[in-house]
Structure formats: C-alpha cells, structure tokens
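Structural overview for review
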Amino acid sequence: MIPEFAILGHPNEGKSSVLSTLTEDDSVRISAEPGETIKCRTFPVIIDNREIIRFTDTPGFQNPTRMLSEMQKFSESSEDPLQSFYRRYHNDDDLRHDCELLRPLLRGAGILYVADGSRPLRQVDLAEMEVLRLTGKPRMAILNCKRGEEEFSPQWKAQFRKHFNSSRVFNAHRADYRQRIRLLEALKSIEQDWQEVLDYVVTTFKDDWRNRNYRTSELISELLTDCLQLKMEKNVAPETSLEPAKKELFHRYTAKLAHLENLCHREMRKIFKHNVFDYRLPSHSILHQDLFADETWQFLGLSRSQLAITGGAGGAALAAGLDLAAGGASLGLFTSIGGALGAFGAVYGSRNIASKIKVLGIGTATIKLQIGPNTNPQFPFIVLDRALLYYSHITTWAHGRRDYDASLSEKSPPVLTRSLPRTSLKTIGHYFRMLQKNGSDVADAEDTFKKLIMRQLNVVSGAEEYEDNDFH
Amino acid sequence: MNKTWRFEDIVDLDYFCRLDRLEKQSTEMDLHQRDRHFFLEARKLGELRTISHHQCLRFWLQHRRRFADDGAQHHTPGSTLDNLLWAGSLLLLLLGGVLGIGAGLSYFAYTGQTPLNVFIFFTIFILPQLLFILLIVLRPVLLRLANNDFPPLLRALAAPLKKAAERRLRATDSTVETVGGKALTSLFVEKTGNLLKWPLFKATQLFAVAFNIGLAAVTLFKIATSDLAFGWQTTLDIGAGSLHSLVQTLAFPWSWLVAESLSHPTLQQIEGSRIILKEGIYHLTTTDLTSWWPFLLFCLLFYGLLPRLILLLAGFIMYRRSMERYLRQRKFYAISRRMLTPLVSTQAEPEENRRDNRPSTAETPEKPADSQPISVREALILIPVDLCDDNTLASLKEYLMPQGFRVSESKAIFRSYEEDRSLLEEMTDVDKAVVVVFEAWMAPIREQLSFLEKLACRLRQEASLGICLVGRPGPDRPFVSPQPQEYLLWRRKIDECCTGISFLTTPDSAGAKEP
C-alpha cells in the first residue's frame, strides 16, 4: 500500500499552502476565501514513473464539535469511531465535508494536522485534535504561522504534545528546500513502517535538488560565456556622424545582454518549478536595476582589492592609465555616448567603462564600429552576482506563497561573490579571463568553476555538499 | 564495459548529442525521461553494475545507436570517419614500409667499387629523423598540441579525410548528413576538435615506424646476403680520434646492452675504414670495413625506430587524455546527470469541484446601518466559550448598551455539541433580544451557521436576533471590530442561511470600512 498523508485542519489555516510548498506545485489555487477546498485532492509523489507516497489535501473541518460528540459515542460503544462515523453520516448533507476529509483516513492515510500558530487556540481546534486522536491514525501536527507571529505557538505546542506523535513548525510562505526536507524527515517519526520509503523519497528529493543546482550552474556558466563573448558590429557611412551609431550600437548591445540574462532567469524559474504564477522580485531588489546601473555596480561585484586577487585588476588599471595618458582624446572618441555609459565608471571612475566601442577600420565605403567582447574584470562578477541573487530569490520563494507585493528581505552577504574566499575568487577570475580571451582550454576551468558555483548554490539553498562527480 | 573508447564512439556520441539539440520539440524533461529510462532498463538487466560517467555514456550511446538504427543500417558519422581513418592509417603504414624498403635498397646498391659511406647513411636516414623528433620534443607540442590548432602536417592529412567522410555521409539520409557533417566539422574546427589530432598523429608515427622497420629489414637482409663494405671520408680536417669520440657518444644508449666490439667500431677500425680516394680501397682490411654495420643498425633502431615507437605510445596516451577531456564537456555530463537523476513529480491531480462564481470578498462592505435604538431592550448574549471571560463580557455589555441592548444574561456557546443542542431547546421560551457573538477573524464553519439557523427558527417572533462580529483580539484590546473582508464574508455566509438578522455595529464601526 502506498503511504498516504492527509493534510487536515480548520478551514483557512493554510493546508493548501503547506501542500503547495511541500510539493513545489504552484498550480494549487490558494485563496483568502475559506472553504475553497471541498473535495480531496491528491498530490502523488512519483519517482521514476512509480507512485511512492502521496499527499492529500482535504476540506477543512466544518462540524468539529459534533464530530467529536458522535465519535466519542462510537468509541464508548467500542465501535471504530472513524468507520462508524463515516458509515452513518456520509450521506448527511451537513456533514458531507467532514466525511470527505475522513476518506483518506479510511484508506489508511497518516495525518498532517495544519494549524495557524499566529492565532489563539480555540475550542473547535481542541475538538478537531480530539477527533483526530480518536481515529487512531499516525499523526503529526504542523504549525504554520501565517502571519509570521509565533506568540500563540506555546499554547498550540502544549496541545500538540497531547494529541500527536510529533509536531513541527513549517511556515508555508517562508519554507525553503532545507525546511521541506526536514519536514519529510520528520514524517518518518510518526510511523515506523513508512521510514524506508520516506528515506527513499528524501534521498531522491536531495538528488533532484542537486540536479537542479547542477543545471543552474550550467545555465550561469552559459550566461557568462555568452555575455563575455558577445560582440556587435555596425557599419556606418563615412559622411554620417558616429555618435548616433554608437548610441544605437550600445543600446543593441545592452538589450542583448539583458535578453540573455532574462533567458537565464526564465530557465532558472522553470528548473525550480515556478511555472504558473509569475514570480516577481521584491520591490526593493537590486535586480530591478539595469545591469549597467550605478547601483548595480556599487553593490554587486568585487571590491578593488578582491579584483586584484583575481588577477584581473592589472589590466583594468592599465586601461585606466592609458586613458589618462591619452589626455581625454580617447574618451572623446570612444566613450561619449550619453549618460548610460557614465554608469560604467562606478568602479573605476568615469573613464573605465564596461565595454568600449572601437572603430575597427575606416574603409572607403564604411566605418566599422564594434562593441564587445567585454574585458572589464568587474563585469562578469556583476553578472554572476545577479544570477546568484536571482537564484537566492527563487529558491526562497515558497510555492505556497501568493502575496507578491509583500516585501522580502534580500539575502546579500552569503550569496554574493565578494563573500567568497581568495582561492575561489582566483579560480573564478581565471575562468573569466579564459572566457574573455576566448581560450581553447576552457573546459577544465569551466569544470572547476561549475563545481565552485554548485558549492555556492548548495550553501545558499542549504543543500548538502556532495563529492565531485559523485552522482549517487 | 571497461573498454577504451574508440574514435567511432566519440564521434557518434557528439553526433547524437547534436541530434538531441536539433530536435526542438525535445524539452529537457523529454530528454530526462528518455535517458532515465535507458538507465533503469540497464539496471534492470544488470548491465550497469558500477556507475560512472563513462559507463553511463557508453550505455547511452549503445541505446541511441539501437534507436537510430531502426533496421536502416545507416552509416553513423563515427563509423564513417573511423573506417576512413583506419584505411588511411593502413595506407600510411604500407607506404612507410615500401618507402623504407625502397630507400634501403637504393642505399645498399653496392657494386664493390667504393664502400658505402656511413656519413650518407647517417645524413639520410638518421639525422632527419633526429631533427624531426627534436622539433617535436622542443616545441611543447606533446603538451600543447591538444590546445592549439592543427599543426600544418596534420591539417594537410585532415582535409582530405574530412572531404571523404562528408562524401560518404552524403550518400546516407539528410539528417545524418546535416548533423553528422556538423559533428565532423567540430572535430576539425572547434576547440574540442583536438581529438582528431591524435589519431592522425598516430597514423604519421605508424608511417615512420613502418619506414624504419622496412629500412632495418633491408639493412639486415643486405648484410646477410651480400658483401657490404662501409667506410667514411671527409675533406675536412677531422681525425679518426674525433670521429671515434662522436661514435662512442652516439653508441652510449646501447653500449650497456652489447659487447663493445658490436656497440661501435674501435679507433683502429675507424682509422682502417677511412676512404682516401687517391689511395683507393685495396689497402683497407675487410674487418675494418664491415665493423660499421652493427653500429649503423643500432643507430637506426635507437634513433629511428625506438623514438617513433615512443611517440606512437605518446600518441595513444595523449589520445586517451584528450578523450577524457573531450568527455568532460558539459553536454556529456548532462547525459550522465539525466540518466542518474530520478524523475520526480509531485504535481497534483487536475483540480475539480472548486467553488466558483462567488462574489468577491474584496468588494467594499456596505456601511452597517446606524442603529438608533428607540428604546433599550433586555438582551441575552450568546458568546463563544473562548471569549467567555469577564473582560470581554464587560466590553460587550458596554458596547451593546448604546445600541439599545442591556445585557441581562449571557450564555456560552460552542463548548460542546450537546450543550449547544440543549441551549437551542431552551431558546423557544426566550422573549428578549438575542445577540450572538462570532469571532469574524476565524473562518465561518457549517457548525456555527447551522447553530444560528436553528436558533433563528426556534426564537419567538417577538424576540429579535442580532449578530455581533468581533475582530482578532490584540494583547490589550480584547474586543475589536472585524476587518472589512472578514465582515463581508460572514455577512454573506449568514445571509445564505438566515434572513431577518440584524448586524450590529461594532465599537469601531467605521473600522468595518477603515479598520
């Protein structure tokens, strides 16, 4: 028999949210309107085309005190309260929701009782807990603090200890990968017979997560390759002014970079199953800023001393020096393309831009302008930081969460490259230089880079470390 | 399954990867499902006992070939190129052997007039080979060849090979031609294409090995079957002593292996084999003239054949290394990853039986009617057991008084089903106003609405029924007004089951609109 876990509770306690987050299914409709779920809905966990366990969402209790009264009577007369109650009342219109929620229990499902720990405990809650105790099924309570406040948690926990095998705090709006795994691990404690199968599920979920992180590291690596090797050319007639052409070329270049970044972000969303609802970044996120915006270059990327560690700053300093030596003549020729370019100078002053436009050659018929490939040592770190930040956002955005407008604190220190140790920065710097040089021996550097990024993604999402190339 | 990778396999692996990417309709999920299926099948059949990246790739290739074959027996790009490479290598081997034999025969064409000049043997057969090897060794080719473009010689060999392979692929179906062509091109052009260098490098070394073997065979044959004389001559002022030192140095690699008499000619033998044209050769002794052949043969073996064999071995090793590197590409790791990662789905069954077409709770709540009591009535207040404390009761009494209700009695409800039923029984005799309090911040449930419905039915006509909705209590405010959406929801639910019930304003009645 396939182990089944029924999610039960009072209406509007966040049962569907818990399930949506636990199963990473953002197709579950979650409404502020209580009583939306009127039929049980199954969430099978299928591994390699085989259903291993299943979770079942149920309608909320509608008549808990009556149920308790009836079931106590059955219990006193030595009848099975669950079976007898269902048998007697399954056609009763008043109790149809209550009978519906008992159906999975009749099949032998374990109970996951969801309660909102941010509200006070009520008599109906006690009745519900007692009803569940009378069913005699393996059961666990989940405290889902909907408002984020936990002032009533002690009351709830005290009651949980009386009625359940175990209890856990699980915030459906905040739970990340680590908390999901912990909840699944905790399920093992409620029924010994299900331990093995739950072990398998947990291991598989971990493998799956690792696979997602691996794919993400690949995506990031591809994005960096594309961004660093991107170059664009434009032919201009000799008699026309170069400035508009430069502006247009620059605009095309930045638009293409933004497009590449968007594609990467979209793929990341898909990998982490944010399919149905359009995930939006927190309103204050630095990711709302353009890739070349002042703020982006101020808050992301490496410090000057860190850049020096990577070995990339020498070239940048040299470039700045050469610009100065040119006494501004080169600036007049290459960099005066409007305010947007000025933003590039956030790190090295206004002279050191992210990507210069070069006049490749002046022929008789046309002048060839070229922008990219970008050789600024800071640029790939900015792109990488933005990708890591995006990863951090989507992996901490619970699938059961729908309050898109609520502010979410932006994780910064542990995510960004500037928090990495010197050796890692050197490795990344080496890889970036290989890409910027369009080197042929990039495979080894890429391999090392991806492993490093994988480690960083694991740190961000709280996943376990794995040995390199250890697939299982 | 621990075989080494054949060149054919590597090319086909790349070819099938390209084929996957070409099929636009194949999403990552499709590929994952297919490749995971391969893995599970292999495990079921016991064909995959140990799991490694290479094992997975090999098994994947085997399945892909099986799928692609579908009885049509197409030539894959791998087999096409491999066949051509094999034929080319064989051709070079034969050519080397023939050239070695030919060169040997022409050198050893001794007529008895003049001894064969050992300097010429050395200059033609040993020195160029040494220089060529030196060129290979000095240039960090063995280490860097894998990273650089094709060296010119190998490029010259690669070009006709590519043309021939493309011609053969053209004879197969169009997909094989298109994708296979790309896979082939990648071997010649792309950064990862270094792999082809090593089979070509090995082929050139095979040529050289065959050449040296042919030459050594002819040398031995001629020595065994004809009367050869070797001598040396020079116009320069080089004495036999200097030549002896040079010969001794050259013989160092094999001097420990054979007797000194065989390893190289002695000083006397060198002096005795010097050809001076004006003196002729008749005064030279035969033993001195024949003393050179073991040395020359050893030179050929140690400076011609042996380095080539070493380079051939190095070619094998470098091929292995570059193959390892080639298989470390992300597209190949993706295959192992897809095979080894279980397919996980936690998607819910399609949703049905949801309540729809409900009026939105977001609509603005109508302002509760300002109840201006004409006269104060006595009221019984029914209050949920959870709110039955003195503070809340006092607040409620205080609140209801201005509404025209003087609370004379209060009763707890929702403690138990039985108590509620008995209470309802008693309600038939009540002739005062009844106010029922609900906690509007909790979701309305059937049990509460049903109680209200039954209460409304039981009350006498003259007894009025009022509802007092309270909001979520704060730590210092036990009695607050509900939120607008909570108010609306409760109101709608109550209206659905009862009629003629008045909703009493709460202390912050405006709060229903602006809590």
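Residues numbered from 1 in each chain as written. Chains lettered and ligands numbered in written order. Predicted model: local features only at pLDDT ≥ 70, side-chain atom pairs only at ≥ 80, totals over all residues. Heavy atoms only, no water.

**Re the overall build of chain B**
Each helix and strand counted, chain B has 20 helices and eight strands in total. For chain B, the residues scored as buried account for 50% of the 515 residues in total. Intrachain contacts of chain B at a sequence separation of at least 6 include 82% that bridge at least 24 residues. Summing over all exposed atoms, chain B offers an accessible surface of approximately 25,600 Å²; the carbon and sulfur share of this is 57%. (Helix = DSSP H or I, 4+ residues; strand = E, 2+ residues; numbered from the N terminus. Buried < 20%, exposed > 50% of the residue type's maximum accessible area, 1.4 Å probe, protein only. Contact = heavy atoms within 4.5 Å. Areas by Shrake-Rupley, 256 points an atom, 1.4 Å probe, with all protein chains shown as cover.)

**Focus on unusual backbone geometry**
Residue and element names in this part refer to chain A. For asparagine 12, which is not glycine, the phi dihedral falls at a positive 65°. Tracing the sequence through the fold places asparagine 12 in the loop between strand 1 (4-9) and helix 1 (15-22). For lysine 273, which is not glycine, the phi torsion reads 60° and is therefore positive. Following the sequence through the fold, lysine 273 ends up in the loop between helix 9 (242-271) and helix 10 (294-299). The class of lysine 273 is buried, set by a relative accessible area of 18%.

**Re the interface of chain A and chain B**
Listed by partner, the interface residues are 72 residues for chain A and 51 residues for chain B. For the pair chain A and chain B, the summed buried area comes to about 5,700 Å², and 46% of that belongs to carbon and sulfur atoms. Here chain A and chain B share five salt bridges between them. Connecting chain A to chain B are 19 residue pairs in polar contact (both at pLDDT 80 or more). Elements supplying a minimum of two residues to the side of chain A that touches chain B: strand 2 (41-47), helix 2 (64-76), helix 4 (96-106), helix 5 (123-135), helix 8 (195-229) and helix 17 (442-461) of chain A. Residue contributions to the side of chain A that touches chain B peak at eleven residues, all from helix 8 of chain A. Broken down by class, the residue content of the side of chain A that touches chain B amounts to 19 nonpolar, 25 polar and 28 charged. The pairing of strand 2 of chain A with strand 3 (residues 344-345) of chain B spans two bridges and is antiparallel. Note on strand 3 of chain B: the bridge partner recorded for A:Ile47 is B:Val344. (Buried area = accessible area lost by both parts, 1.4 Å probe. Salt bridge = Lys/Arg side-chain N within 4 Å of Asp/Glu carboxyl O. Polar contact = N/O pair within 3.5 Å; in protein donor to acceptor, adjacent residues only side chain to side chain. Nonpolar A, V, L, I, M, F, W, Y, C, P; charged D, E, K, R; others polar. Pairing = 2+ DSSP bridges.)

**Regarding the packing of aromatic side chains**
Inspection of the entire model under this criterion finds 34 aromatic pairs over all chains. On the basis of an interplanar angle of 85° and a centroid distance of 6.4 Å, the ring pair of A:Tyr113 and A:Phe160 is categorised as edge-to-face. Here A:Phe160 lies in helix 6 (residues 153-163) and A:Tyr113 lies in strand 4 (residues 110-115), a separation of 47 residues in the sequence. You'll find A:Tyr113 and A:Phe160 in the same group, each marked buried. In textbook terms, an aromatic cluster arises when at least three aromatic residues are bridged by ring pairs, as seen for B:Trp254, B:Trp292, B:Phe295, B:Phe298, B:Phe302 and B:Tyr303. When the ring centre of B:Trp5 is taken as reference, the NZ or CZ atom of B:Arg58 above it lies at 4.3 Å. Here the guanidinium or amino end of B:Lys202 rests over the ring plane of B:Tyr319, the centre of that ring lying 4.6 Å away. (Phe/Tyr/Trp six-rings, centres within 6.5 Å; stacked < 30°, edge-to-face > 60°. Lys NZ or Arg CZ within 6 Å of the ring centre and 35° of its normal.)

**Some words on the environment of B:Gln403**
All names here are of chain B. Its location among the elements puts glutamine 403 in the loop between helix 17 (390-400) and strand 5 (405-413). For glutamine 403, a relative accessible area of 13% translates into the label buried. Between the alpha carbons of glutamine 403 and arginine 446 there is a distance of 28 Å; along the sequence they are 43 residues apart.

**Topic: the confidence of the model for chain A**
Residues and elements named next belong to chain A. On average, residues of chain A score 79 in pLDDT, and 75% of them are at 70 or above. Here residues 312-353 scores under 50 on pLDDT; set against residues more than four positions off or in separate chains, the count is 57 contacts. For the stretch residues 467-472, pLDDT sits under 50, and the model shows 15 contacts to residues farther than four places along the chain or on other chains. (pLDDT = per-residue confidence, 0-100.)

**Side note on the packing of helix 3 (residues 81-89) of chain A against helix 4 of chain A**
Residue and element names in this part refer to chain A. Between helix 3 and helix 4, the least distance of the axes is 10 Å, while the angle of their chain directions is 140°. When the interaxial angle is binned, helix 3 and helix 4 end up oblique. As helix 3 runs across helix 4, the sense of the crossing is left-handed. Facing Leu82, Gln83, Phe85, Tyr86 and Tyr89 of helix 3, the residues of helix 4 in contact are Cys99, Leu102, Arg103, Leu105 and Leu106. Tallied by class, the residues present in the contact of helix 3 with helix 4 amount to eight nonpolar, one polar and one charged. (Axes fitted to C-alpha atoms, helices over the stretch in contact; angles between N-to-C directions. Parallel < 35°, antiparallel > 145°, perpendicular 65-115°, else oblique. Left-handed = near helix turned anticlockwise from the far one by under 90°.)

**So, a nonpolar patch on the surface**
A surface patch of nonpolar side chains, about 420 Å² in accessible area, is lined by B:Trp86, B:Leu90, B:Leu93 and B:Leu94. Note on placement: B:Leu93 falls in helix 4 (residues 77-107). (Patch = residues over 30% accessible without salt bridge, like charges linked within 9 Å, V, L, I, M, F, W, Y side chains within 5 Å.)

**Re helix 2 of chain A**
Here helix 2 of chain A spans 18 Å end to end across 13 residues, near enough to the 18 Å set by a 1.5 Å rise per residue. Taken together, the buried positions of helix 2 of chain A are A:Pro64, A:Thr65, A:Arg66, A:Met67, A:Leu68, A:Ser69, A:Glu70, A:Met71 and A:Phe74. Structurally, helix 2 of chain A contributes buried residues whose contacts are with helix 3, helix 4 and helix 5 of chain A together with helix 18 (417-426) and helix 19 (446-458) of chain B. Of the residues flanking the end of helix 2 of chain A, it is A:Ser78, one or two places downstream, whose phi is positive at about 60°. (Expected span 1.5 Å × (residues − 1).)

**Some details on the sheet that holds strand 3 (residues 50-57) of chain A**
Across the sheet, seven strands lie side by side as 6(A)-5(A)-4(A)-1(A)-3(A)-2(A)-3(B); this open sheet has mixed pairing. Each edge of the open sheet carries a strand with a single partner, namely strand 6 (166-169) of chain A together with strand 3 of chain B. Each of strand 1, strand 3 and strand 4 of chain A touches helix 4 of chain A; the most contacted strand, strand 1 of chain A, lies at about 155° to it. Those strands touched by helix 8 of chain A are strand 1, strand 2 and strand 3 of chain A together with strand 3 of chain B, and its axis lies near 95° from that of strand 3 of chain A.

**Details of the sheet that holds strand 5 of chain B**
Residues and elements named next belong to chain B. If you trace the five strands from one edge of the open sheet to the other, you get 5-4-6-7-8, paired in parallel fashion. Looking at strand neighbours, the two that pair on one side only are strand 5 and strand 8 (502-503), the edges of this open sheet. Where strand 6 (residues 433-439) lies against strand 7 (residues 465-470), six bridges are found, and the strand directions are parallel. If you follow phenylalanine 438 over to strand 7, its bridge partner there is leucine 469. Docked against the sheet, helix 18 engages strand 4 (377-384) and strand 5, running at close to 145° with respect to strand 5.

**Notes on the pattern of salt bridges**
For the coordinates displayed, the defined rule picks out 48 salt bridges over all chains. Across the pair A:Glu248 and A:Arg252 runs a salt bridge, and its minimum N-O distance is 4.0 Å. Remark: A:Arg252 and A:Glu248 occur in helix 9; sequence separation between them is four residues, near one turn of the helix. Residue class for A:Glu248 comes out partly exposed when judged on its relative accessible area of 33%. The partner of B:Arg6 in a salt bridge is B:Glu8, and the shortest N-O contact between them spans 3.4 Å. Given a relative accessible area of 15%, B:Glu8 falls into the buried group.

**A closer look at the side chain of A:Thr23**
Along the chain, the position of A:Thr23 falls in the loop between helix 1 and strand 2. You can call A:Thr23 buried: its relative accessible area is 2%. Polar side-chain contacts of A:Thr23 include one of 2.6 Å to the backbone oxygen of A:Leu19. Apart from the residues lying within four places of it in its own chain, the contact partners of A:Thr23 are A:Phe43, A:Phe55 and B:Thr346.

**Comments concerning the packing of helix 19 of chain B against helix 20 (residues 484-497) of chain B**
All names here are of chain B. It is the contact of helix 19 with helix 20, at a shortest axis distance of 9 Å, that shows an interaxial angle of 45°. Taken together, helix 19 and helix 20 sit at an angle that is classed as oblique. Like other packed secondary-structure pairs, helix 19 and helix 20 cross with a definite hand, here right-handed. Here helix 19 contributes Gln448, Leu449, Leu452 and Glu453 to the contact with helix 20, which in turn contributes Trp490, Lys493, Ile494 and Cys497.

**Looking at the nonpolar core**
Grouped together as the largest cluster of nonpolar side chains are 85 residues, with contacts concentrated most on A:Phe5, A:Ile53, A:Phe55, A:Leu384, A:Phe432 and A:Phe449. Per element, the largest residue contribution to this core is twelve residues, and it comes from helix 8 of chain A. In contact with A:Phe55, other than residues within four places in its own chain, are A:Phe5, A:Ile7, A:Leu19, A:Leu22, A:Thr23, A:Arg41, A:Thr42, A:Phe43, A:Val45, A:Leu112, A:Leu184 and A:Leu187. Grouped together as the second largest cluster of nonpolar side chains are 41 residues, B:Cys17, B:Phe201, B:Tyr326 and B:Leu340 included. (Core = buried A, V, L, I, M, F, W, Y, C linked by side-chain atoms within 4.5 Å.)

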